[in-house]
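Spelled out, the chains give:
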Amino acid sequence: MTFVIRAARDSDLQHLYEMAKLTGGGFTNLPPEKKTLRAKLDRTARAFAKQEDTQDEQLFVLMLENVETGEVRGTCQIFTSVGNNVPFYSYYRSTETKRSELLDRTFHSEVLSLVNDLKGSAEVGGLFLHPGERAGGLGMLLARSRYLFIAKHRARFSDKILAELRGVIDEAGGSPFWDGVAGRFFGMNFQEADAFNAVHGYQFIADLMPKHPIYTAMLSEHARSVIGLPHPSGRAAMRMLENEGFAWENYIDIFDGGPTMTARTDQVKAVREAKTATVTAIGDGGEACLVSTGRLIDFRCAHGRVSENGEGITLDAVCAAALGVGVGDEVMHVAR
C-alpha cells in the first residue's frame, strides 16, 4: 500500500472526528468536538490560501491518505508560532539552593515556575496515526513530513520550535500531575480542564493559576514521579524527536506534566539535511527517502527511493505517481 501526506480539506471533518475519538484523552490539539475541529479546518484553509510569508499564528493540518483506497489514516499539525495572541504557558523546572550555616547544611529544592518563555516558537503537534496502521514507518512519515513542510516554507516559521508530549495519564483517564498541582485551584478534574482548554484555549489558566513558584517537595510522591515523563504511548515519539535534534530543557506541560521538547528550527535534522533537486529520470533503486513536492495547498509527501544521477535525481515510479510528479519537476528529499 502507498500512503501520501496532503493538505487537510473541508471534507476531512469526519475523518478528524473519528480519529479524535480514538485518542483516549489528553490530546489537546485533536479534541473529539466537531465545532472545534471545524474551526481548525477553517483556520488551516486560511493559512494554505495565504500567499505572503509572514510569521503570524497560522495552523497547517496535514492528512495521511491511502492512495489506493482513499482512506484517511492519520493526521498531524504545524503551528508557525504560538503565544502571541493567547499566552502559551509552561512550567519550568529549576533548582533553588539554600545554605544554613547554623545547621551546617545545604538544601536543594526543586521548583516549578509558571513561564511564557516559549512565546513565539513554532510548534509541531497533533500527530495521530490510526492504531491499525502503526507499522511500516507511517508514524515517521507523518512526523518528518512536517519538517519538510517547514523547510519548504521556512520564512513562515520561528527560529525556535517545540513539541509537547502527552504526560502520564492513569487508567481512569486522570492525571497525577494535574491532581497534585493545578487541580487544587480550578475546581475541575483533568478531563474537564483538558476538554475546556481544547475548545477555549489557555486564558482561564492566566485568570486562575497562582503565579508564585511551586516547591515540588509539597506535592504528593505520585505527582512528583511523573514530572517530565511522557505517556507510555509517547516514548517512541520522544525518541523520534530526540533523533531530529530536539531536547528536553526542563519545560513541562501545565496540565499533565509531560515534557515539552525544543530545538532550533534550522538544526532539526530533516530541515537541515533536506535537499531540493529536479527529477531527471523515473526508475528503480536508490536510497530510502522522504520526498515532497508542492507549496501550501499543493504540498504532498511520501516514502520513495532517490538516487543522484549527475544532473538531478532518479525517483522511483511508485513515489512519483503518489506525488503526481514527473521528469522536469522539482522535489525536496531527505534520507530516512
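Calculation rules
- Throughout, residues of each chain are indexed from 1 in the direction in which the sequence is written.
- At least 70 in pLDDT is required for a residue's local features to be given in this predicted model, at least 80 for side-chain atom pairs to be given and counted, and no such filter applies to totals for whole chains, interfaces and linings, which use all residues.
- To get the side-chain values, all heavy atoms of the structure are used, and hydrogens and water are removed first.
- Every helix listed is a DSSP run of H or I at least four residues long, and every strand listed is a run of E at least two residues long, numbered separately from the N terminus.
- Only protein chains enter the accessibility calculation, which uses a 1.4 Å probe; a residue whose area is less than 20% of its type maximum is buried, one above 50% is exposed, and one in between is partly exposed.
- Contacts were defined at the residue level, with two residues in contact if any of their heavy atoms lie within 4.5 Å.
- Surface exposure here means Shrake-Rupley accessible area, sampled with a 1.4 Å probe, where a residue is shielded only by the protein chains that are shown.
- Counted as positive: Lys and Arg. Counted as negative: Asp and Glu. His and the chain ends are not counted at all.
- Charged groups are reduced to one reference atom each: NZ for lysine, CZ for arginine, CG for aspartic acid, CD for glutamic acid.
- Pairing of aromatic rings covers Phe, Tyr and Trp, the last through its six-membered ring, and needs centres within 6.5 Å; plane angles under 30 degrees mean stacked, over 60 mean edge-to-face, and all others mean tilted.
- Two thresholds decide whether a charge sits over a ring: the Lys NZ or Arg CZ must be within 6 Å of the ring centre and within 35 degrees of the ring normal.
- Multiplying 1.5 Å by the residue count of a helix minus one yields the expected span of that helix.
- Taken from the helix axis, the directions to the C-beta atoms give the arc we talk about.
- A pairing counts as a salt bridge when a side-chain nitrogen of Lys or Arg comes within 4 Å of a carboxyl oxygen of Asp or Glu.
- Note on terminology: pairs of cysteine sulfur atoms within 2.5 Å are recorded as disulfides.
- Simply put, an axis is a line fit to the C-alpha atoms, just over the touching stretch for a helix, and the angle between two N-to-C directions goes from 0 to 180 degrees.
- The scheme is simple: roughly parallel for angles under 35 degrees, roughly antiparallel for over 145, roughly perpendicular for 65 to 115, oblique for anything else.
- Left-handed describes a crossing in which the near helix is turned anticlockwise from the far one by less than a right angle; the clockwise case is right-handed.
- Here the nonpolar group is Ala, Val, Leu, Ile, Met, Phe, Trp, Tyr, Cys and Pro; Asp, Glu, Lys and Arg are the charged ones; every other residue, Gly included, is treated as polar.
- By convention a nonpolar core is built from buried Ala, Val, Leu, Ile, Met, Phe, Trp, Tyr and Cys residues, the set being connected through side-chain atoms within 4.5 Å.

(A) Broad picture of the overall build of the protein. Scanning the protein for helices and strands turns up 11 helices and 15 strands. Expressed as a percentage of its 336 residues, the buried residues of the protein come to 50%. Taking contacts inside the protein between residues at least 6 apart in sequence as the whole, the part at least 24 apart equals 71%. Summed over all atoms, the accessible surface of the protein reaches about 15200 Å², with 49% contributed by carbon and sulfur. Counting 37 positive and 43 negative side-chain charges, the protein places the centres of these two groups 1 Å from one another.

(B) Structural view of the side chain of Glu 123. With respect to the element layout, Glu 123 can be found in strand E6 (residues 122-129). If near-sequence neighbours (up to four positions away) are discounted, Glu 123 is found in contact with Asn 29, Gln 77, Ile 78, Phe 79, Val 82, Phe 88, Ile 161, Leu 162 and Glu 164.

(C) Geometry of the packing of aromatic side chains. Evaluation of the coordinates by the stated rule reveals 10 aromatic pairs. Taken together, a centroid distance of 6.2 Å and an interplanar angle of 90° make the contact between Phe 48 and Phe 149 edge-to-face. Of the two residues, Phe 48 sits in helix H2 (residues 34-49) while Phe 149 sits in helix H3 (residues 138-152), which places them 101 residues apart along the sequence. When the ring of Phe 149 is compared with that of Phe 157, the centres are 6.4 Å apart and the planes differ by 85°; the resulting orientation is edge-to-face. Overall, the relative accessible area of 0% leaves Phe 149 in the buried class. The class for Phe 157 is buried, based on a relative accessible area of 0%. Ring pairs connect the aromatic residues Phe 48, Phe 60, Phe 149, Phe 157 and Phe 299, which therefore count as one cluster. Its guanidinium or amino end placed over the ring of Tyr 17, Lys 34 lies 5.0 Å from that ring's centre, counting from NZ or CZ.

(D) Quick peek at H2. The end-to-end C-alpha distance of H2 is 22 Å, a good match for the 22 Å that 16 residues give at a rise of 1.5 Å each. Among the residues making up H2, those that are buried are Thr 36, Leu 37, Lys 40, Leu 41, Thr 44, Ala 47 and Phe 48. The buried side chains of H2 occupy one side of the element, clustering within an arc of 140° when seen end-on. Seen from the open side of H2, the exposed residues pointing more than 90 degrees away from its buried face are Lys 35, Arg 46 and Ala 49.

(E) Spatial organisation of the pattern of salt bridges. Under the counting rule described, the total for this entry stands at 18 salt bridges. Its salt-bridge partner being Lys 21, residue Glu 18 comes within 3.4 Å of it at the nearest N-O pair. Using a relative accessible area of 36% as the deciding quantity, one classes Glu 18 as partly exposed. For Lys 21, a relative accessible area of 45% corresponds to the partly exposed category. For the salt bridge of Lys 50 with Asp 56, the shortest nitrogen-to-oxygen distance reads 2.9 Å. Each of the salt bridges in this network shares a partner with another, and the network as a whole consists of Arg 6, Arg 9, Asp 12 and Glu 65.

(F) Broad picture of the environment of Leu 290. Structurally, Leu 290 is set in strand E12 (residues 287-293). Residues Leu 290 and Gly 304, spaced 14 residues apart in sequence, show a C-alpha to C-alpha distance of 6.0 Å. With near-sequence residues (within four places) excluded, Leu 290 lies in contact with Met 140, Leu 141, Arg 144, Ser 145, Leu 148, Cys 301, Ala 302, His 303, Met 332, His 333, Val 334 and Arg 336.

(G) Layout of the state of the cysteines. If you walk through the whole model with that rule in mind, you get zero disulfides. The closest cysteine sulfur to the non-disulfide-bonded Cys 301 is located on Cys 319, 8.1 Å from its own sulfur. The exposure class of Cys 301 is buried, given its relative accessible area of 0%. Overall, the relative accessible area of 1% leaves Cys 319 in the buried class.

(H) Focus on the packing of H3 against helix H9 (residues 235-244). Viewed as axis vectors pointing N to C, H3 and H9 meet at an angle of 40°, and their least axial separation amounts to 11 Å. In terms of orientation, H3 lies oblique with respect to H9. Here H3 and H9 pass one another in a crossing that is right-handed. Contact residues: Gly 139, Met 140, Ala 143, Arg 144 and Tyr 147 in H3; Met 240, Leu 241 and Glu 244 in H9. Per-class residue counts for the contact of H3 with H9 are five nonpolar, one polar and two charged.

(I) Fine view of the side chain of Arg 73. Among the secondary structure elements, Arg 73 is positioned in strand E3 (residues 72-79). Beyond its immediate chain neighbours, meaning those up to four positions away, Arg 73 contacts Phe 3, Met 19, Leu 64, Phe 128, Leu 129, His 130 and Glu 133.

(J) View of the nonpolar core. Counting residues in hydrophobic clusters, the biggest one holds 39 residues, and the most contacted among them are Tyr 147 and Phe 246. Considering every element that reaches this core, the biggest residue donor is H3, with eight residues. Discounting chain neighbours no more than four positions away, the residues touching Tyr 147 are Val 124, Leu 241, Glu 244, Phe 246, Val 268, Ala 270 and Val 271. One finds Phe 186, Phe 190, Ile 205 and Ile 252 within the second-largest nonpolar core, a separate group that totals 23 residues.

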